[in-house]
Amino acid sequence: MERSKKPSAIPVSPTIPTPQVSISDDNSRVTASLPTGESVEVLLFGATVLSWKTAKGKENLFVSSKAHLDGSKAVRGGIPLVFPNFGPSSNKATEGLPQHGFARTTKWEYLGKSSSESSTLPNSSGDSSVKLDFGLSNTMLDKIPSEWKNYQFGITYSVTLGRDDLETSLAIRNTGEKDFEFQTLLHSYWAVDNISDVSVSGLEKISFADKVGGGKEEESGAITVSSEVDRVYHVDPSQGIAISEKDKPRFDFTRDMLPDVVVWNPWIEKSRTMSDLAPEDAYKRFICVETGSVNWNTLEAGDTWEGGQRIKAL
Ligand SMILES: O=P(O)(O)OC[C@H]1O[C@@H](O)[C@H](O)[C@@H](O)[C@@H]1O
């Protein structure tokens, strides 16, 4: 007998595309992409972000063609992490530490991913961001530098890929019983077409420590590069910073708890002394705008310090 009221079929909701995350077979890299095409790639050695591409495939980060990606040396390019010291070992707290610390030369652990809630709007292209977490603790260091034998720490580094932006943030915990001091920087190599067309704004009229000429200087206009530049600025995190090329905005920076900014380009002579920087005119293809904390932070036992940056690719 025909039923007058047949139960109607339960509609199957269309499959909403989600971000894809994959780990390389040799467990050396984690790659994530959004359904809209943006992607990010992180090398576990140093938790170094190696690539960040827009939906159209444009690469936002510079990596040297001679960069060591096998764990034998810090990566020349991408976003290496500077911790717990910036520059060479210079005082008791940094005794025995390599230039820019050990975070960029230690293999980190991939802790997992999370993504933002899927949109239910019609024509949505799925989740709009994916966060990858990486961890480093003192127990993972191959060789613990002398002073650091007394300290214990746990760091979570989060890399969040959005539709037009990338967030990289650090949570550094002192898990031991002794206070320690640290500096940290997101030593980012931003890809540009030609350094001669680049300007960095937001740092005008702010005095900087000049690592090339020495002393303290100040400039009235946006920074342009026509010789070696190596400067450390202390500037309130609420101050926006931008990189432009041919006067067109290219990258926009938002900083959280990161009061220092290093601007670096080695130019011609210094490039020639760097065996892992290639091709020969590589200095034309990047500018390092590194946000962080160059002033020493004291992290008391049990405390956590957090800071990060969000970069919008324009
Ligand atoms: O060659 P490294 O150790 O990666 O350092 C590169 C540059 O890093 C910058 O952050 C420093 O301000 C420069 O002085 C330094 O030369």
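- In the annotation of an unreviewed UniProt entry, the protein chain is listed under the name Glucose-6-phosphate 1-epimerase and assigned to Alectoria fallacina.
- The record in UniProt for the protein chain states the following under Sequence similarities (unreviewed entry): "Belongs to the glucose-6-phosphate 1-epimerase family."
- Regarding the protein chain, the UniProt comment filed under Function (unreviewed entry) reads as follows: "Catalyzes the interconversion between the alpha and beta anomers from at least three hexose 6-phosphate sugars (Glc6P, Gal6P, and Man6P)."

## So, the site of the ligand
- The immediate surroundings of the ligand are formed by Arg 76, Phe 86, Gln 99, His 100, Arg 104, His 187, Lys 211, Asp 230, Val 262, Trp 264, Lys 270 and Glu 290.
- For the ligand, an oxygen atom lies 2.8 Å from a polar atom in the side chain of His 187.
- Look at the ligand: alone it shows 400 Å² of surface, and the protein chains cover 88% of it.
- Its residues assigned to classes, the shell around the ligand comprises three nonpolar, three polar and six charged.

## Some words on the environment of Leu 186
- Turning to its location among the elements, Leu 186 is positioned in strand β10 (residues 180–186).
- The spacing of Leu 186 and Gly 308 is 122 residues in sequence and 8.4 Å in space, taken between C-alpha atoms.
- What Leu 186 contacts, discounting residues up to four positions off in sequence, is Ile 79, Pro 80, Leu 81, Tyr 157, Thr 168, Leu 170, Leu 258, Val 289, Glu 290, Thr 291 and Gln 309.

## Re the sheet that holds strand β21 (residues 304–313)
- Spatially, the nine strands line up as an open sheet ordered β6-β7-β8-β9-β21-β18-β17-β12-β15, and their pairing is antiparallel. Two strands in the sheet have a free side with no partner beyond their single neighbour: β6 (109–115) and β15 (223–224).

## Focus on the pattern of salt bridges
- Summed over the entire model, instances satisfying the criterion amount to ten salt bridges.
- A salt bridge links Asp 276 to Arg 76; the nearest nitrogen and oxygen atoms lie 3.0 Å apart. One end of the pair, Asp 276, is in the loop between α1 (267–272) and β20 (286–299); the other, Arg 76, is in the loop between β4 (48–53) and β5 (81–82), and 200 residues separate them in sequence.
- A salt bridge links Lys 312 to Asp 164; the nearest nitrogen and oxygen atoms lie 3.2 Å apart. With Lys 312 in strand β21 and Asp 164 in the loop between β8 (153–162) and β9 (165–174), the pair connects residues that are 148 residues apart, well separated along the chain.
- Because the salt bridges share partners, they merge into one network encompassing Lys 73, Arg 76 and Asp 276.

## Focus on the packing of aromatic side chains
- With the rule as written, the count across this model stands at 23 aromatic pairs.
- With a centroid separation of 5.7 Å and 45 degrees between ring planes, the pair formed by Tyr 110 and Phe 134 is classed as tilted. Note that Tyr 110 is positioned in strand β6 and Phe 134 in strand β7 (residues 129–137), a separation of 24 residues in sequence. Each member of the pair, Tyr 110 as well as Phe 134, is classed as buried.
- Joined through ring pairs, the aromatic side chains of Phe 83, Phe 102, Trp 148, Tyr 151, Phe 153, Phe 180, Phe 182 and Trp 305 make up one cluster.

Cut-offs and rules
- Counting restarts for each chain, with residues numbered from 1 along the sequence as it is written.
- A pLDDT threshold of at least 70 governs which residues receive local features in this predicted model, and a stricter bar of 80 or more applies before side-chain atom pairs are shown or counted, although totals over entire chains, interfaces and linings include all residues.
- Heavy atoms from the whole structure form the basis of all side-chain values; hydrogens and water molecules are not counted.
- UniProt positions are given in the numbering used here, feature names are shortened, and annotations may be inferred rather than shown by experiment.
- Nearness here has a simple test: a residue counts as near a molecule or strand if at least one of its heavy atoms is within 4 Å of that partner.
- What qualifies as a polar contact is a pair of N or O atoms within 3.5 Å, subject to a donor-acceptor requirement within protein and to the restriction that residues adjacent in sequence count only when both atoms come from side chains.
- Using a 1.4 Å probe, accessible areas were evaluated by the Shrake-Rupley method; residue-level cover was limited to the displayed protein chains.
- Only Asp, Glu, Lys and Arg are considered charged in this grouping, and only Ala, Val, Leu, Ile, Met, Phe, Trp, Tyr, Cys and Pro are considered nonpolar; every other residue, Gly among them, is considered polar.
- Runs of E in the DSSP output that reach at least two residues are strands. Runs of H or I that reach at least four are helices, and both are numbered from the N terminus.
- Only heavy atoms enter the contact rule, under which two residues are in contact if any of them lie within 4.5 Å.
- Only when DSSP finds a minimum of two bridges between them are two strands counted as paired.
- Salt-bridge detection follows one rule: a side-chain nitrogen of Lys or Arg within 4 Å of a carboxyl oxygen of Asp or Glu.
- The pairing test for Phe, Tyr and Trp rings, Trp by its six-membered ring, is centres within 6.5 Å, and the orientation test on the planes gives stacked under 30 degrees, edge-to-face over 60, and tilted for anything in between.
- Three exposure classes are used, based on accessible area relative to the maximum for each residue type with a 1.4 Å probe and protein chains only: buried under 20%, partly exposed in between, and exposed over 50%.

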